[in-house]
Amino acid sequence: MADSAAPVSSSTKKSRTKFILGGVLILIAIIYLVVSSTQATAQYFLTVGELAEKSGQVYDREIRVSGVVLGDSIQYDSKNLLLKFTVAHIPGDNKEIEAQGGLAMVLHNASMDPALPRLPVVYEGVVPDLLKNEAQAIMTGTMGADGVFYADELLLKCPTKYEEAVPEQSGNG
Amino acid sequence: MLVNFGYGALLISFLTALYGIGAAIYGNRKNSWAWVESARLAMLVTFPLISLSALILIWLLVNDHYEVQFVYTVTSTAMPLYLKITALWGGQSGSLMFWVWLMTAFAFAVTFRKWDRDREFLPWVIVVSLVTLAFFLILILFVENPFERYWQLPGGGEIAAMFPPEGAEILRPMDGRGLNPLLRHPGMVIHPPMLYLGFVGFVIPYAFAIAALITGRSDDRWIRLTRRWTLVAWLFLSLGLVLGSRWAYDVLGWGGYWAWDPVEIAAFMPWLTGTAFLHSVMIQEKRGLFKRWNMILIILTYCLVIFGTFLTRSGVLSSVHAFSQSAIGPLFFVFIGLTFLVSLWLLLDRWNRLGSEGQMTSLLSRESLFLFNNLLFMGILAVCFWGVIFPLISELLTGQKVTVGPPFYERATGPLFAGLLILMGIAPLSAWGHSTYKTLGRAMWKPFLVSLLVPAAALFVGVRQWGAFLGLWLAAFVLSITLYEYGRGVFARKRATGETLPLAFWRLAGKNRRRYGGYIIHIGVVLMAIGIIGIEVFQTETQGTISQGQSISLDQYTVTYRSLAEFNTPDGRNVARAVVDVQKNGKPMGQLFPRRDYYYDAQQPMSIPGVRSTMEDDLYVLLVDWEPISEMGATFKIYHNPLVNWLWIGGFVFILGTMVAAWPDKDVEPKKVRMPARVAASKA
């Protein structure tokens, strides 16, 4: 946007200063908004394992946790819209997930492995349609001192729907 | 057989694209028009070729050819025909194919225009379009091939591959897995195509911009040539965003219309730069300023389009839209990086040619308000971009992933959106070249006073939230100024010509479509803002479990549970459908039917709300849970969303305004208007 012209008179110089000042002010405002909003709202994105290690230091802040839903643990009290379930640890790193055979595989294995760290979750609200065994849950909320994660927001992904596996039931045609 | 045809057509169009690129460059170097003409034919041919391939894929989808892996993953026998067709863009490889198909359609159309006056642009427009095409074809042909089939290996075991391994027999599953139930919605028919049309449409203005850079034409010819293309691309992108928002409101988001999901943001970012571009090209046309800036904007828009396609398709980010992880991620990165660097290098190379033809003198002139508008759009873009890449950056630097959610975006963009609304109010009254506080104030005080009535009325009906006050006042301010401006023009025309009011209104808009189309768009934005304020500030909700005959109350509404029925449908769903009576202030308002569909093939439920929608508010009822025997009771979640309908009405007005602005003019070659600042000011 730097528009330069050869002859610069004093009056255009003055108006130029005004423009630069205006631009800089807006720029500062934008930077302030980005920085302050990041500080005010950023959340740690943790795995269940990391949360287990770091327990204590993250109690007072909103955090995000990702894990795999254990289907048997889902309980719903529809009178109070109180949803309880347990998630198990899955790696947070995409490369690690790929190395273990893709997200669907990781979710499947993690849901079967009792040795992995687990985390009980409580959520108040409507049961999301995608909540089921082996779904990946991304939860935003706070960690209670009782070791339960209180989720305000629940995002679910079922990669099996998109994953490219060889079909189970088939016939020659 | 057909599968091989489809793949073959893709392969041929890839080779044709490569040939076209070579022929265009060679023809340009040798100054041989025959070679360029041949390249142009190559570009023309790609569209029928890709169409053939895409139609074959659709045919496979419609006829349940589950031996094709893509077909198996996105359709099932029970799905209705229209969903089988839309399944084309229901998965990764098919949607890449669809992207390419639409892009070649645009390229096809642009090839047909008269090139006599702009011959030197042609080879480079061809090169840019075909390079983009070739990149996507590489993805489809070699990484995400929709024509791969399942094979039974002779030694046991199964694989998916394009060509049969030796001795392998084709494997045909009995039924497909079916489209993700979330996508089985009429929105699927129209939202993705509109968004994609918006995406691919921006390839054309970008191609012309690069052509202008390479040929060294520093005038605004490329902008005039692509103005309509840009508007059409922007129209589709806006339409895609609004429709997606509506779809989210109807089913996906349970009354949410915008979740600041990374993929939503990915589609929003090119819209931001595109909108900034639409505004700032006007300054180049009128005053010859901002030539470099416009180049930067269109380059950014193109890169963001590719980046947006990448974000939706690569699975780097956690999002409801994100599909599975895929190998196409790194390729996208390389392509975006390369295009960005090459474009930037070209721009820097021509930097000095693109100097401004004048100076900005007045801080309140139209062009300087446009400049501030651009800065604000860039600010919102910066917020969005930062939010999207922040988790990646934080992980890179600290090893710990830190994310930001909707609160971040709302907090950071709120003031910027408010700033844009203020500018939207002031700018139409300021003059090109020179404006002062005095002239602006004189033009503004009447509509300003009128706008104060709205917050006063809000106070009177009991609104106490300061955010709502400010928002409603801003909306009223812009609305009254825009209507005032429009009205002044219409009445002046009526006086001058003796036409009736509606005729004067119509002819005026027809005479300066961009200006009055723009005003209509602004009115649309304001109406949308009112809807957003309504749902964000005034939304209330409640929930409860009630047995038959019992009621839940929310604000002036009472919802009474009548009955519930469970039944199977021929397309493979089990439907639980509740009937509730709605009363408003004790008066019966009819019934709603919230339901829960369970899809057998996908083993997934889907909640569909019952909604009573009026201009004043929406009552939005969700069926959460129920006892098998309906007398026992059912659980409902109920939202009351005041004013939200204005969001959709505004969206409609917005699109209408864009159509007015994009409508072809009668005179094909508009005269060049380039006046010195002072003259422009006195005429405006």
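This structure is a prediction, so every number in the text was calculated from the model and none was measured.

Conventions we followed
- Residues numbered from 1 in each chain as written.
- Chains lettered and ligands numbered in written order.
- Predicted model: local features only at pLDDT ≥ 70, side-chain atom pairs only at ≥ 80, totals over all residues.
- Helix = DSSP H or I, 4+ residues; strand = E, 2+ residues; numbered from the N terminus.
- Buried ≥ 20, exposed ≤ 12 C-beta atoms within 10 Å, placed from the backbone.
- Core = buried A, V, L, I, M, F, W, Y, C linked by C-beta atoms within 7 Å.
- Axes fitted to C-alpha atoms, helices over the stretch in contact; angles between N-to-C directions.
- Parallel < 35°, antiparallel > 145°, perpendicular 65-115°, else oblique.
- Left-handed = near helix turned anticlockwise from the far one by under 90°.
- Contact = placed C-beta atoms within 7 Å.
- Nonpolar A, V, L, I, M, F, W, Y, C, P; charged D, E, K, R; others polar.
- Pairing = 2+ DSSP bridges.
- pLDDT = per-residue confidence, 0-100.

### Here we look at the overall build of chain B
Part 1 of the argument: When helices and strands are tallied, chain B shows 20 helices and 14 strands.
Part 2 of the argument: Principal axes of the C-alpha set define a box for chain B whose edges measure 80 × 75 × 60 Å.
Part 3 of the argument: Burial statistics for chain B: of 684 residues in total, 53% are counted as buried.

### Topic: the nonpolar core
Part 1 of the argument: Core analysis: the largest hydrophobic core is formed by 197 residues, its most contacted members being Val100, Val125, Tyr206 and Phe208 of chain B.
Part 2 of the argument: Judged by nonpolar contacts, the second largest core, of 54 residues, contains Phe45 of chain A together with Ile552, Leu564 and Tyr639 of chain B.

### Here's the deal with the packing of helix 8 (residues 203-215) of chain B against helix 12 (residues 328-349) of chain B
Residues and elements named next belong to chain B.
Part 1 of the argument: Relative orientation of the contacting elements helix 8 and helix 12 amounts to 45 degrees, with a least axis distance of 9 Å. The orientation of helix 8 relative to helix 12 falls into the category oblique. Of the two elements, helix 8 crosses helix 12, and the hand of that crossing is left-handed. Contacts between helix 8 and helix 12 involve Ile210, Leu213 and Ile214 from the former and Ser343, Leu346 and Leu347 from the latter.
Part 2 of the argument: Here the residues of the contact of helix 8 with helix 12 are counted per class, giving 5 nonpolar, 1 polar and no charged.

### Thoughts on the sheet that holds strand 1 (residues 149-152) of chain B
Sheet strands line up and pair through hydrogen bonds in the backbone, either parallel or antiparallel.
Part 1 of the argument: Here 3 strands make up an open sheet; going across it, the order is 2-1-3 (chain B) and the pairing antiparallel. Of all the strands in the sheet, just strand 2 (158-161) and strand 3 (169-170) of chain B have a single pairing partner and so form its edges.

### Thoughts on the pairing of strand 1 (residues 43-47) of chain A
Part 1 of the argument: Most of strand 1 of chain A sits out of view: 4 of its 5 residues are buried.
Part 2 of the argument: Of the pairings in the sheet, the one linking strand 1 of chain A to strand 4 (residues 402-403) of chain B comprises 2 bridges and is antiparallel in character. Looking across to strand 4 of chain B, one finds that Tyr44 of chain A is bridged to Val402 of chain B.
Part 3 of the argument: Bridge count between strand 1 of chain A and strand 2 (residues 63-69) of chain A: 4 bridges; the pairing is parallel. From the neighbouring strand, Thr47 of chain A faces strand 2 of chain A, where its bridge partner is Ser66 of chain A.

### So, the pairing of strand 2 of chain A
All names here are of chain A.
Part 1 of the argument: Most of strand 2 sits inside the fold, with 7 of its 7 residues counted as buried.
Part 2 of the argument: Looking at chain direction, strand 2 and strand 6 (residues 136-143) are connected through 6 bridges and run antiparallel. Pairing of Val65 across the sheet is with Met139, part of strand 6.
Part 3 of the argument: For strand 2 and strand 4 (residues 82-89), the ladder comprises 3 bridges, and the chain directions are antiparallel. Considered in strand 4, the bridge of Val68 is made with Ala88.

### Focus: the confidence of the model for chain A
Residue and element names in this part refer to chain A.
Part 1 of the argument: Considering every residue of chain A, the mean pLDDT works out to 78; 79% of them sit at 70 or more.
Part 2 of the argument: Of all helices and strands in chain A, the one with the weakest mean pLDDT is helix 3 (residues 94-99) (71), whereas strand 5 (residues 118-124) scores best (93).
Part 3 of the argument: Considering only residues more than four positions removed or in separate chains, one finds that residues 1-8, a stretch of pLDDT under 50, has 9 contacts.
Part 4 of the argument: Low confidence marks residues 160-173, where pLDDT is under 50. Its contacts with residues over four positions away, or in another chain, come to 31 contacts.

### Things to note about the packing of helix 6 (residues 122-143) of chain B against helix 8 of chain B
All names here are of chain B.
Part 1 of the argument: Where helix 6 meets helix 8, the axes come as close as 8 Å, and the angle between the chain directions of the two elements is 130 degrees. The angle between helix 6 and helix 8 places the two elements in the oblique class. Here the hand of the crossing between helix 6 and helix 8 comes out right-handed. Contacts from Trp124, Val125, Val128, Ser129 and Thr132 in helix 6 reach Val203, Tyr206, Ala207, Phe208, Ile210, Ala211, Ile214 and Thr215 in helix 8.
Part 2 of the argument: Across the contact of helix 6 with helix 8, the residue classes break down as 10 nonpolar, 3 polar and no charged.

### Quick word on the confidence of the model for chain B
All names here are of chain B.
Part 1 of the argument: In this model, chain B carries an average pLDDT of 87, and 93% of its residues clear a pLDDT of 70 or more.
Part 2 of the argument: Counting interchain partners and residues more than four positions distant, the pLDDT-below-50 stretch residues 667-684 has 18 contacts.
Part 3 of the argument: Reported confidence for the predicted complex is 0.82 by ipTM and 0.89 by pTM.

### Section: the environment of Leu656 of chain B
All names here are of chain B.
Part 1 of the argument: Mapped onto the elements, Leu656 comes out in helix 19 (residues 645-662).
Part 2 of the argument: Among the residues examined, Leu656 registers 15 C-beta atoms within 10 Å and is labelled partly exposed.
Part 3 of the argument: Distance from Leu656 to Phe593, taken between C-alpha atoms, is 32 Å for residues 63 residues apart in sequence.

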